[in-house]
Amino acid sequence: MKNSYLRNFILLLLFILAFSCLSSCKVADNTPFTVMILPDTQNYSEKFPDTYMVQTRWVTENIEEENTRFVIHLGDIVQNSDVESEWELADKAHRLFDEAEPPVPYSVVPGNHDVVHRGDVTFWDTDLYEKYFGPQRFEGRNWYGGCMEGMNSSNYCFFEGGGTKFMVLSLNFAPGEEIISWADSVIEKHKGMPVILVTHAHLNLKGRINHPMPYGLDGYIGVRLWENFLRRHENINLVLCGHVGGANRIESVNDYGRPVHEILFDYQSEINGGNGWLVKMKFFPEEDRIDFTTYSPLLDRVWDSPHTTFSLDYDFPAK
């Protein structure tokens, strides 16, 4: 009888310990997951509205199959910053993310076509960007972190994958000193969190952009952004950009000896305004790898070339 009581007591104790561990211990999630990238959509907003809708509809309808955790837009949402009909089309396309059940987490960042007015006088015009993609659009979303001084031109968001929380930090086209200081403070508040840095203009087809600031803007892009911001942050290990037609990538080493992948995707120069090409960025936590696949839901085809579809080593933070 005593042995029976002892056996039952031991079994009960083991059950309590197992339940306690399941309740409090973080179990590693090594399931592959995807972040979708929407390169410059400016031509779709202006001339090919159906293609924009095909892209966002396909992303929305394939959330579970692709295990998509987040969608990143690389800027140049529209072609003409002062043409409201283009913003209305972009709004309609992204509303598919907002109205999905559950909503699809995503970020946007303005490119030069979204905020720079080019006429007799060059000046910033962010009114329509903020009207359609300002912070009010994202308020209440648990993945939206915030923006700089109430203007969503520079913003940050979060997503989780592989048991790790990531930040997507998006900086305005040619960010100035104030934006860089703000970005420094955001990263400082989230030390140790891996950061995907998004800014519209950074690479060209030869490497980092290294020429006088466009439109007379005294901002940080390309070489200047790397030297004064990117290399100083240990947890920025992916940098994504658009702006220059084509695809390119370089690997650098930051001040902490860690690799940084800087990658350009922009398909606006392809026929039909871009042929619907988007990029699937698929993380494989167990294998420390990211697969980039350029795919068109319009053509239902993968663009298989060394610059458009490739794999990169990635030191996954959860390991």
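This is a predicted model, so every value here is computed, not measured. (Residues numbered from 1 in each chain as written. Predicted model: local features only at pLDDT ≥ 70, side-chain atom pairs only at ≥ 80, totals over all residues. Heavy atoms only, no water.)

Caption draft 1: Structural detail: the nonpolar core. Ranked by internal contacts, the top residues of the largest apolar core, which has 58 residues, are I72, I77, I196, F265, M281, F283 and F292. Excluding its chain neighbours within four sequence positions, the residues that come into contact with F283 are P32, F33, V35, F166, I196, L238, R289, I290, Y314 and F316. (Core = buried A, V, L, I, M, F, W, Y, C linked by side-chain atoms within 4.5 Å. Buried < 20%, exposed > 50% of the residue type's maximum accessible area, 1.4 Å probe, protein only. Contact = heavy atoms within 4.5 Å.)

Caption draft 2: The arrangement of the sheet that holds strand β11 (residues 246–253) in detail. Pairing is mixed across the open sheet formed by seven strands, whose spatial order is β6-β7-β8-β9-β10-β12-β11. One side of each edge strand has no neighbouring strand; the edge strands of this open sheet are β6 (144–148) and β11. Ignoring which end each strand starts from, the neighbouring axes of this sheet average 20° apart. Bridge count between strand β9 (residues 195–199) and strand β10 (residues 236–241): four bridges; the pairing is parallel. Paired with I196 across the bridge in β10 is L238. Docked against the sheet, helix α8 (residues 177–189) engages β6, β7 (151–161), β8 (164–171) and β10, running at close to 175° with respect to β8. (Pairing = 2+ DSSP bridges. Helix = DSSP H or I, 4+ residues; strand = E, 2+ residues; numbered from the N terminus. Axes fitted to C-alpha atoms, helices over the stretch in contact; angles between N-to-C directions.)

Caption draft 3: Expanded view of the side chain of N172. By the element assignment, N172 lies in the loop between β8 and α8. Under the relative-accessibility criterion, N172 is labelled buried at 9%. Contacts of N172, omitting those with residues within four sequence positions, involve V109, P110, V115, W124, S153, S154, I179 and T199.

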